[in-house]
Amino acid sequence: MKVPYYHLDAFTQAPFGGNPAAVCLPERELDERTMQAIASEKNLPATAFLAPGGAEFTLRWFAPAGELELCGHATLATGHVVLNVLQRDRPSVRFETRAGAIEVQRDGERLAIDFPAMPVQREHDPRLVAPAIGLRAAELWEAEGGRGVAVLGEAAQVRDLHPDISAIAALPFSALIVTARGFDGDSDFVSRNFVPKHGIAEDFATGSAHCVLAPYWAGALGKAKLFARQLSSRGGELWLEDRGARVTIAGRVAPFAEGTLTLP
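Residues numbered from 1 in each chain as written. Predicted model: local features only at pLDDT ≥ 70, side-chain atom pairs only at ≥ 80, totals over all residues. Heavy atoms only, no water.

### A short note on the overall build of the chain
The number of helices and strands found in the chain is six helices and 18 strands. Across its three principal directions, the C-alpha atoms of the chain cover 50 × 35 × 30 Å. Out of the 264 residues belonging to the chain, those deemed buried represent 56%. Long-range contacts, defined here as pairs at least 24 residues apart, represent 61% of the contacts in the chain between residues at least 6 apart. In the structure as shown, the chain presents an accessible area of about 11300 Å², 48% of it carried by carbon and sulfur atoms. Taking the average place of the 26 positive charges on the side chains of the chain and the average place of its 32 negative ones, the gap between the two points comes to 1 Å. (Helix = DSSP H or I, 4+ residues; strand = E, 2+ residues; numbered from the N terminus. Buried < 20%, exposed > 50% of the residue type's maximum accessible area, 1.4 Å probe, protein only. Contact = heavy atoms within 4.5 Å. Areas by Shrake-Rupley, 256 points an atom, 1.4 Å probe, with all protein chains shown as cover. Lys, Arg positive; Asp, Glu negative; His and termini not counted. Charge placed at Lys NZ, Arg CZ, Asp CG, Glu CD.)

So this is what it looks like as structure tokens:
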């Protein structure tokens, strides 16, 4: 079987920034074992599989180590493929996913995703993450899906962090988001996201993490519309709007490569 695929960088204006994703377009839905094998072979933070489903499409995401419940950057990348390659005349596309229906629509030069909000739910003792990140957080929270959120005092602490990835993997969280208010005049807040339990030491630009961060910082800063930077080695730029039960996450996508997979 020949499977067309696209390699794109999401939440960035140019290739080699943001978060890379592969988008695969099989002619029929593949079994989970095959999708996982492809994702492991591609070895990108996420590989998306798009298939026709009713009036719209079904979408699934796989990391190298397992299937993802929610993935922002690969959804943005898939939205780009549909709206700018496959069906250029449509203003939006709706995907059926394990996280429910998700819509991607045009937003000027950007694309915008409609995602569920995931507010922090439970507070933890900040000392819990100190050995893993090398300093004591001002606050430590847990959000839906077991995501930990460590709030630091300054943006520079997030930028300069040298965490112990093995220690993060041993924490009782599915991922650890580290965040702080943004640099003056640059952004509303900054973050980094560590996901070793999914085979990713540090994710480069994470839409799903901002389902947690948008409502947190909207409340902390008293504003619904926010601009965020993810301070990974590749960087990420995200435009956000907290809408209560939902979050709008917008960004740009930079196409990098396209080709064909050959499957048995």
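### Some remarks on unusual backbone geometry
Here the phi dihedral of F11 falls at roughly 65°; this positive angle occurs in a residue that is not glycine. Among the secondary structure elements, F11 is positioned in the loop between β1 (2-10) and β2 (19-24).

### As for the side chain of E67
Summarising the element assignment, E67 is placed in strand β5 (residues 66-68). A polar atom in the side chain of E67 sits 2.9 Å from the side chain of R60. Among the polar contacts listed, one links the side chain of E67 to the side chain of R98, at a separation of 2.9 Å. Excluding anything up to four places from it in sequence, E67 contacts E32, Q36, R60, W61, F62, R98 and H198. (Polar contact = N/O pair within 3.5 Å; in protein donor to acceptor, adjacent residues only side chain to side chain.)

### Thoughts on the environment of V82
Mapped onto the elements of the fold, V82 is located in helix α2 (residues 72-86). Placed 10 residues apart in sequence, V82 and S92 show a C-alpha to C-alpha distance of 8.9 Å. For V82, the contacting residues outside a window of four places in its chain are L50, F57, Q87, R88, R90, V93 and F95.

### Some remarks on the pairing of strand β12 (residues 175-181)
Most of β12 sits out of view: six of its seven residues are buried. As paired strands, strand β11 (residues 147-151) and β12 are joined by five bridges and run parallel to one another. Looking at β12, one finds that A150 is bridged to V178. Bridge analysis of β12 against strand β13 (residues 189-195) gives six bridges, and the strand direction is antiparallel. For R181, the partnering residue across the bridge sits in β13 and is F189. (Pairing = 2+ DSSP bridges.)

### Here's the deal with the nonpolar core
Membership of the largest hydrophobic core comes to 57 residues, with the highest contact counts inside it found for W61, F95, L240 and I249. Broken down by element, this core gets its largest block of residues, eight residues, from helix α6 (residues 209-221). The contacts of W61, once residues within four sequence positions are left out, are T47, A48, E67, L68, E69, L70, C71, A74, T75, T97 and I102. Grouped together as the second largest cluster of nonpolar side chains are 19 residues, L152, L161, V178 and L231 included. (Core = buried A, V, L, I, M, F, W, Y, C linked by side-chain atoms within 4.5 Å.)

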